[in-house]
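Chain by chain, the residues:
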Amino acid sequence: MKLSLFFVGVLLVAMFSLESCKSNETVGIQPLVVERQECFLKNYTHLTEVLPLTIDIDLPVEGPQLLVDSVTTFLNEALYEFFDNGEECHLPYDSVFSKDVKRLAEHYRDAYKPFFLADGVNEHEFGADCLELNLVAQTDTYVTYEVDNVFFGEGVETSTEWVTFVKNDGHRLGEVISEDGLLRFYREHPNLRSEDVWSNVQFHLSDSSGVGLVCEVGLLNDSVAHQYVYATGIFEDLKYPLDSIAPYLSKEARELIGGK
């Protein structure tokens, strides 16, 4: 009996150790901590209204180093794309890339300030009117940033894209969902689809011009965000529950949400 109890004790210790190891695989990964930075660029006259052009960024200030480095590179790329048109407003990327996270927006503003047009002119030099780089999702296995390019027209239009980073090594998730996967999801879940988008997709299917259903999609905490582009400047913003769309996602995306 004493020998049996001894083996039971050893077994229990082994089981607890195993559970502890499994738990530490995800719980042990630090969260990504960010600080919000707003950077004023200049005033801009839209119609008769003077509007401030700004950049707003969630800056990574603490977290797994590989993840922080990867997000920092992504933010540099997004800022470079916003400021640099490759022609009259151009600097080599290597000359403006910066690891000074807390001054990142200010650094790019100062680098490109010699190219700025005067305050108040009706035309401006940037890729959009305003730029927002927002941390919109964080789980044990991934974080997702949203890139909002804001345009002032008759109203305010926002072109959106998402980038997901894998926490354990910082690499960017490639495909969230394929065109075929989202198309199958729409066909098999009519209660969750946008009928306006579905009607437009069917039109494109009938004329063989390509579906274009997957415009921009993003992996959030409990859903997949989707911006469908009808035409330039005409968007529809949608979300699909993660538990419903999960079987249609890419293999890597399914693996990430499985460890959420």
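A quick note: this is a predicted structure, and the numbers were derived from the prediction, not measured.

S.K.: Would you mind going over the sheet that holds strand 4 (residues 142-152) with me for this structure?
M.R.: To summarise the sheet geometry, strands pair through backbone hydrogen bonds and adopt either a parallel or an antiparallel arrangement. Taken in spatial order, the five strands make up an open sheet running 1-2-3-4-5, and their pairing is mixed. The strands lining the two open edges of the sheet, one partner per strand, are strand 1 (33-46) and strand 5 (156-166). Mean inter-strand twist for the sheet, computed between neighbouring axes without regard to direction, equals 25 degrees. Across 13 bridges, the pairing between strand 1 and strand 2 (residues 49-62) is antiparallel. Across the sheet, residue Glu38 finds its bridge partner in strand 2, namely Asp56. The sheet contacts of helix 4 (residues 104-112) involve strand 1 and strand 2, and relative to strand 1 the element is tilted by about 30 degrees.

S.K.: Honestly, the environment of Val136 in this entry has me stumped. Any pointers?
M.R.: Note that Val136 resides in strand 3 (residues 130-138). Considered as a pair, Val136 and Asn221 are 85 residues apart in the sequence and their alpha carbons are 8.3 Å apart. In this structure, Val136 is in contact with Thr144, Tyr145, Glu146, Trp162 and Leu220, ignoring residues within four places of it in sequence.

Criteria and cut-off values
- Residues numbered from 1 in each chain as written.
- Predicted model: local features only at pLDDT ≥ 70, side-chain atom pairs only at ≥ 80, totals over all residues.
- Heavy atoms only, no water.
- Pairing = 2+ DSSP bridges.
- Helix = DSSP H or I, 4+ residues; strand = E, 2+ residues; numbered from the N terminus.
- Axes fitted to C-alpha atoms, helices over the stretch in contact; angles between N-to-C directions.
- Contact = heavy atoms within 4.5 Å.

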